[in-house]
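As a plain string of letters, each chain reads:
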Amino acid sequence: MAKRKVDTENRGFQTRWESEYMFTKVAGKPVCLLCGESVAVLKEYNLRRHYETKHADKNKNMDMEQRLQKAEELKRGLKSRQALFKKAKSQGQAAVKASFILAEEIAKSARPFTEGDFIKNCMIKVCDEVCPEKRQLFLNVSLSRNTIAERVDQLSINLKEQLVKKGKDFIAYSLAVDESTDISDIAQLSIFIRGVDSNLSVTEEFLALRPMHGTTTGHDLYEEVSRCVNEMELPWEKLVGLTTDGAPAMCGHRSGLVAKIREKMQEENATGELTAYHCIIHQEALCGKALKMEHVMSIITRTVNFIRAKGLNHRQFKAFLTELETEHGDLPYHTEVRWLSQGKVLQRCFELREEICLFLDSKGKDTTQLRDEMFLCEMAFLCDITSHLNAINLQLQGRDRVISDMYSTVKAFKTKLTLWETQMRKENLSHFPSCQTMKEKLSTSAFPSTQLADKIGMLAADFRRRFADFEAQKSRLELLGNPFAVDVESSPPNLQMELIDTAEFARFLPGTMPQLRIQAAQTLSMFGSTYLCEQLFSLMNLNKTSHRSRLTAEHLHSILRISSAQSLTPNIDELVEKMGHHQVSPSTSNK
């Protein structure tokens, strides 16, 4: 005979049991209103036995009406206690959630963990003035240094778990890797991932920041990147691109990071080929050096340093400009590592060239070079061409940049260089306003248009040389932008049939063109630059300063993951739920 199951007997709680046995139903179980004990099995016999053995003597003199009244009073008391417990629980969860929210804001604003105590003191003072009756609620929010550090680590772990979960859906992904040194002279390796799923949805997120306390050879870099990829459970066969800063340790043919990763992919029997790129923005900045006009920049730099290096000269120069009522009131510094600063310094010096010469004359300095017409023409040209280079540099910067769009931007600039070279030889200065100004002011000598046109030709040649690796991928990059214009015969064999089909269909069909979708996913996943890595290093320097040089690698990593997150947001409600019924007391919040 099968064993009886209580759940299948459809036993229900009867209202009369409340007055007869002083029981009520709470969360599906019968609970005694007198002592709070619950009975496991919902049977009248069990309720009656409990009542008669423990409470019969207390209520034997009550009639039925009195028993009903007492049962109602006990039920109201029970509901009141339940409401109080729920309120205490919700207040405790709200306090924990508030600490998570503030910890996230502290991390994003590059503030030290000790700022939590300052914020809490401010909150208490505001509360005392606005809502003093709720002071205890604010006291319950723990914002001590240790608590903020713990919350930041929990938020970072939550973001990492989300990224790992998303990574399982990637059909292609690429990495951007760069290396820099922090305030403590520790080499930091920054790694970003750009993954694409089957819906062609792009996820671009921070993967890791790895401190390197020893050497930074290609093998060392590979060990860190490999460990990071394995920790994130990313399959090597889906890695399609690697973008670096072009350093020998990154791009060495035998022992560089790129070579080591290609060896690893061969060991893993990956069918695809790794495409390695040198950061487009870095290469564009290097192209500017092909002009070979350092002699002009050195004179400008010496002049600016003379004015800015000494406080007295700087104050007098600003007062001099104010007296002359010039449009600009000062000169900016030029820093080699800040690529865009050169254009700003050149533009300002060219516009204030006459005022600078007058000021240097008053200081007894020789201004023969600064007044030389050939030098001024070269300065005007360098000012204009640097302005154009800065414009393309800004176009290439930013998040979520598709490599095919970046290639198109560089390709368009090369076309502009060809046009400018032709126009310069004809002394057509439409796109060079500073040169146009100098040509109009020349007294005797002719404008050196041929010499400057040769400079543009040198710049165009360097662009072609440095971006040859992108030209090699031309058909692949153009495929994403316009599949209808791609030469079918020069395309990979696995794409040719689907490319022919695109001539008959006006749009990209997800289900019928799997190879084209994979190709599009691979192109979408590629990084065109290490911009995100450079941006992360700026955030690193904001957080790890001379005043916070002892910030641990783990805490720095957590802070940067939170502050650099874009498509991912921490699931704070989930974190609060995991912490259960924990409620921070006022005593622990001030430790």
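Residues numbered from 1 in each chain as written. Predicted model: local features only at pLDDT ≥ 70, side-chain atom pairs only at ≥ 80, totals over all residues. Heavy atoms only, no water.

A word on the pattern of salt bridges
As a working rule, side chains carrying opposite charge can pair if their charged atoms are close by. Counted according to the given criterion, the structure contains 18 salt bridges. In this structure, the salt-bridge partner of Arg227 is Glu224, at a minimum N-O distance of 3.1 Å. In this pair, Arg227 and Glu224 both sit in helix 7 (residues 218-231), three residues apart, roughly one turn of the helix. Note that Arg425 is salt-bridged to Glu421, the shortest N-O span being 3.2 Å. Pair noted here: Arg425 and Glu421 are both in helix 17 (residues 403-425), with a separation of four residues, about one helical turn. Taking the relative accessible area as the measure of exposure, Arg425 reaches 39% and is therefore partly exposed. Each of the salt bridges in this network shares a partner with another, and the network as a whole consists of Arg210, Glu224, Arg227 and Glu231. (Salt bridge = Lys/Arg side-chain N within 4 Å of Asp/Glu carboxyl O. Helix = DSSP H or I, 4+ residues; strand = E, 2+ residues; numbered from the N terminus. Buried < 20%, exposed > 50% of the residue type's maximum accessible area, 1.4 Å probe, protein only.)

Observations concerning the packing of aromatic side chains
How two aromatic rings sit relative to each other is set out by the distance from centre to centre and by the angle between their planes. Applying the stated criterion across every chain yields a total of eight aromatic pairs. Centre to centre, the rings of Phe192 and Phe206 are 5.6 Å apart; their planes meet at 65°, and the pair counts as edge-to-face. With Phe192 in strand 4 (residues 187-197) and Phe206 in strand 5 (residues 202-212), this residue pair connects regions lying 14 residues apart in the sequence. The same class applies to Phe192 and to Phe206, which are both buried. (Phe/Tyr/Trp six-rings, centres within 6.5 Å; stacked < 30°, edge-to-face > 60°.)

Concerning the packing of helix 24 (residues 531-543) against helix 25 (residues 553-564)
The N-to-C vectors of helix 24 and helix 25 enclose an angle of 125°; their axes lie 10 Å apart at closest approach. Relative to helix 25, helix 24 is oriented oblique. Every pair of crossing elements has a handedness; the one defined by helix 24 and helix 25 is right-handed. Across the interface between the two elements, Leu536, Leu539, Met540 and Asn543 from helix 24 touch Leu556, Ile559, Leu560, Ser563 and Ser564 from helix 25. In terms of residue class, the contact of helix 24 with helix 25 is made up of six nonpolar, three polar and no charged. (Axes fitted to C-alpha atoms, helices over the stretch in contact; angles between N-to-C directions. Parallel < 35°, antiparallel > 145°, perpendicular 65-115°, else oblique. Left-handed = near helix turned anticlockwise from the far one by under 90°. Contact = heavy atoms within 4.5 Å. Nonpolar A, V, L, I, M, F, W, Y, C, P; charged D, E, K, R; others polar.)

Overview of the sheet that holds strand 6 (residues 239-244)
The strands that make up a sheet are held in pairs by hydrogen bonds between backbone atoms, and each pair lies either parallel or antiparallel. Reading across the sheet, the five strands line up as 5-4-3-6-7 and stay open at both edges, with mixed pairing between neighbours. The open sheet has two edge strands with one neighbour each: strand 5 and strand 7 (275-278). Recorded for the sheet is a direction-independent mean angle of 20° between the axes of neighbouring strands. Relative to strand 6, strand 3 (residues 170-181) runs parallel, the two sharing four bridges. The partner of Ala176 across the bridge, within strand 6, is Thr243. (Pairing = 2+ DSSP bridges.)

Let's talk about helix 12 (residues 311-324)
An α-helical segment advances 3.6 residues per turn. Residues three or four places apart therefore align on the same side. Along its 14 residues, helix 12 runs 20 Å from first to last C-alpha, staying within 8% of the 20 Å computed at 1.5 Å per residue. Every buried residue of helix 12 is accounted for by Asn313, His314, Phe317, Phe320 and Leu321. Buried residues of helix 12, seen end-on, are gathered within an arc of 125° and therefore sit on one face of the element. What points out from helix 12, more than 90 degrees from its buried face, is the exposed set Arg315, Thr322 and Glu323. On its buried face, helix 12 sits against helix 11 (294-309) and helix 14 (353-362). A positive phi of about 55° marks Glu325, the residue just after helix 12. (Expected span 1.5 Å × (residues − 1). Arc of directions from axis to C-beta.)

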